[in-house]
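These are the residues of each chain, in order.
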Amino acid sequence: MGKFNFAATNHFVSWGWWSCSWSGISTIMMLKTTRHRLSAGTRWPARPRKRRKVFNELLEHRLIKRVSFEEYRAKVRDVYDGPQGAVLATCSMLSGHTALGQRLFTKRKFDLHGARRILDVGSGAGQIAKNLVKHADREAELICLDLSHEMLRRARNRLKDGRPRFVVADLTRLPFPDASFDCITCGYVLEHLPDARLGLAELSRVMMPGARMLLLTTEDNFPGAITSRVWRCRTYNRRELARICEASGLRWHKELWFSRMHKVLRAGGICVELVKV
Ligand SMILES: C[S@@+](CC[C@H](N)C(=O)[O-])C[C@H]1O[C@@H](n2cnc3c(N)ncnc32)[C@H](O)[C@@H]1O
């Protein structure tokens, strides 16, 4: 059974990798991808694609597949409660991830205007919640939810804002009645579930018809596999996830990209706006 490593140095190395996976490595890999695509028309040659897929699968961490969900979830909570969670905000900032996420809101790629009840799932250090406080309508009710009590304490300290309510809970068992929210943000949490259906069905349940969700998650490419190694999480295939969303009553409304460059290179992972049918 895989074990989490709590050594402080390792956390920084981990975060370095996290950063690389979304910035440096992904850029290099995607530039390569684009060059291949251009030279081979619009289609990938079948064999290298298959080989890459196998390689990425081999690279992915297996813990989530090896232990029960209860056991895995307890380990995730320990990691985020501990020193790795303590450096989450700093590392997001250093990797440029905070700024990229911010663009989704400042450029209104995901528009919070008009939302009355907003749930931020897996708030972590409050990276997304910070944007909710800044860009949501003044009268909107904000709820930050996380499995880790410590992460929510850190988020509260960082946000320094009395508006959000903080709730410790598991994404797969949300403590809210059906159709409670007209807007949800869920950043990099789904990869901590063995099966996306567990989370998406629950998110769909608490969404009002027509409610919108910003979903960000790790993709099954090389940078995603590195992220998976570092964070002992899983990755998602974009098409497969789209099918699961549709089956959960969540329409795959609009794919979002942090920037034009990310769009051209298809980098940055899965970022999508979903609408509850
Ligand atoms: C990588 S952080 C994401 C932080 C932030 N949302 C962002 O976009 O950068 C993942 C967070 O999800 C939380 N988490 C993991 N599994 C969860 C679950 N089953 N239910 C609720 N939160 C969970 C972790 O505790 C952690 O704070």
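About the cut-offs
Residues numbered from 1 in each chain as written. Predicted model: local features only at pLDDT ≥ 70, side-chain atom pairs only at ≥ 80, totals over all residues. Helix = DSSP H or I, 4+ residues; strand = E, 2+ residues; numbered from the N terminus. Buried ≥ 20, exposed ≤ 12 C-beta atoms within 10 Å, placed from the backbone. Contact = placed C-beta atoms within 7 Å. Near = placed C-beta within 6 Å. Nonpolar A, V, L, I, M, F, W, Y, C, P; charged D, E, K, R; others polar. Arc of directions from axis to C-beta. Core = buried A, V, L, I, M, F, W, Y, C linked by C-beta atoms within 7 Å. Pairing = 2+ DSSP bridges. Axes fitted to C-alpha atoms, helices over the stretch in contact; angles between N-to-C directions. Parallel < 35°, antiparallel > 145°, perpendicular 65-115°, else oblique. Left-handed = near helix turned anticlockwise from the far one by under 90°. Right-handed = clockwise from strand over helix to strand, strands pointing away.

This next bit is on the overall build of the chain. Along the chain, the regular secondary structure elements total 14 helices and 7 strands. Taken across its 277 residues, the chain has 43% of its residues classed as buried. Counted over contacts in the chain with a minimum sequence separation of 6, partners at least 24 positions apart contribute 73%.

With that settled, the discussion passes to the environment of Glu219. If you trace the backbone, Glu219 turns up in the loop between strand S5 (207–217) and helix H12 (222–231). On the basis of neighbour count, Glu219 is assigned to the buried category, with 23 C-beta atoms found within 10 Å. Setting aside anything within four residues of it in sequence, one finds Glu219 in contact with Gly224, Thr235, Tyr236, Arg238, Gly269 and Ile270.

Around the ligand, a shell composed of 21 residues is seen, among which Gly122, Gly124, Leu147, Leu171 and Gly187 lie nearest. Top element by residues in the shell around the ligand is helix H5 (residues 69–81). It accounts for 3 residues. Tallied by class, the residues present in the shell around the ligand amount to 9 nonpolar, 9 polar and 3 charged.

Where helix H13 (residues 238–247) is concerned, the buried positions are Leu241, Ile244 and Cys245. One side of H13 holds all its buried residues, which, seen down the axis, span an arc of 100°. Exposed positions of H13 whose direction lies more than 90 degrees from the buried face are Arg239, Glu240 and Ala247. On its buried face, H13 sits against helix H11 (196–206), strand S6 (250–255) and strand S7 (270–276). Phi turns positive, to about 80°, at Gly249, one or two residues after H13.

We now examine the nonpolar core. Among the nonpolar cores identified, the biggest contains 66 residues, and Ile118, Cys144, Phe181, Ile184, Cys186 and Met213 are the most heavily contacted of them. Here this core takes 6 residues from S5, the largest share from any one element. If sequence neighbours within four positions are ignored, Phe181 has contacts with Arg117, Ile118, Leu119, Val206, Met207, Met208 and Ala211.

This paragraph deals with the sheet that holds strand S1 (residues 117–121). Strand order in this open sheet of 7 strands is S3-S2-S1-S4-S5-S7-S6, and the pairing throughout is mixed. On the outer flanks of this sheet lie strand S3 (165–168) and S6, each paired with one strand and no other. This sheet shows a mean twist of 20° between the axes of neighbouring strands, independent of strand direction.

This paragraph deals with the packing of H11 against H13. At a minimum axis separation of 9 Å, H11 and H13 run at an interaxial angle of 40°. With respect to H13, the element H11 is oriented oblique. Relative to H13, H11 is oriented so that their crossing is right-handed. For the pair formed by H11 and H13, the contact residues are Ala196, Arg197 and Leu200 on the first element and Leu241, Ile244 and Cys245 on the second. Grouping the amino acids of the contact of H11 with H13 by side-chain chemistry returns 5 nonpolar, no polar and 1 charged.

Where helix H8 (residues 97–106) is concerned, the buried positions are His97, Gly101, Leu104 and Phe105. Each buried residue of H8 sits inside an arc of 95° when the element is viewed along its axis, so together they form one side. Residues Ala99 and Thr106 are exposed on H8 and point more than 90 degrees away from its buried face. Within two residues after H8, Arg108 carries a phi angle of roughly 55°, on the positive side.

With 4 of 5 residues buried, S1 lies mostly within the body of the structure. Judged from the 5 bridges that link them, S1 and strand S2 (residues 141–146) form a sheet pairing that is parallel. Each bridged residue has a counterpart across the sheet, and for Asp120 the counterpart in S2 is Cys144. In terms of handedness, the path from S1 via helix H9 (residues 129–135) over to S2 forms a crossover that is right-handed. Bridge count for S1 against strand S4 (residues 181–187) is 4 bridges, and the pairing is parallel.

Turning next to unusual backbone geometry. With a phi close to 60°, Tyr188 is a non-glycine residue in the positive phi region. Positive phi, normally seen in glycine, also occurs at Arg232, with a value near 50°. Within the secondary structure, Arg232 sits in the loop between H12 and H13. Accessibility expressed as a C-beta count within 10 Å gives 21 for Arg232, which makes it buried.

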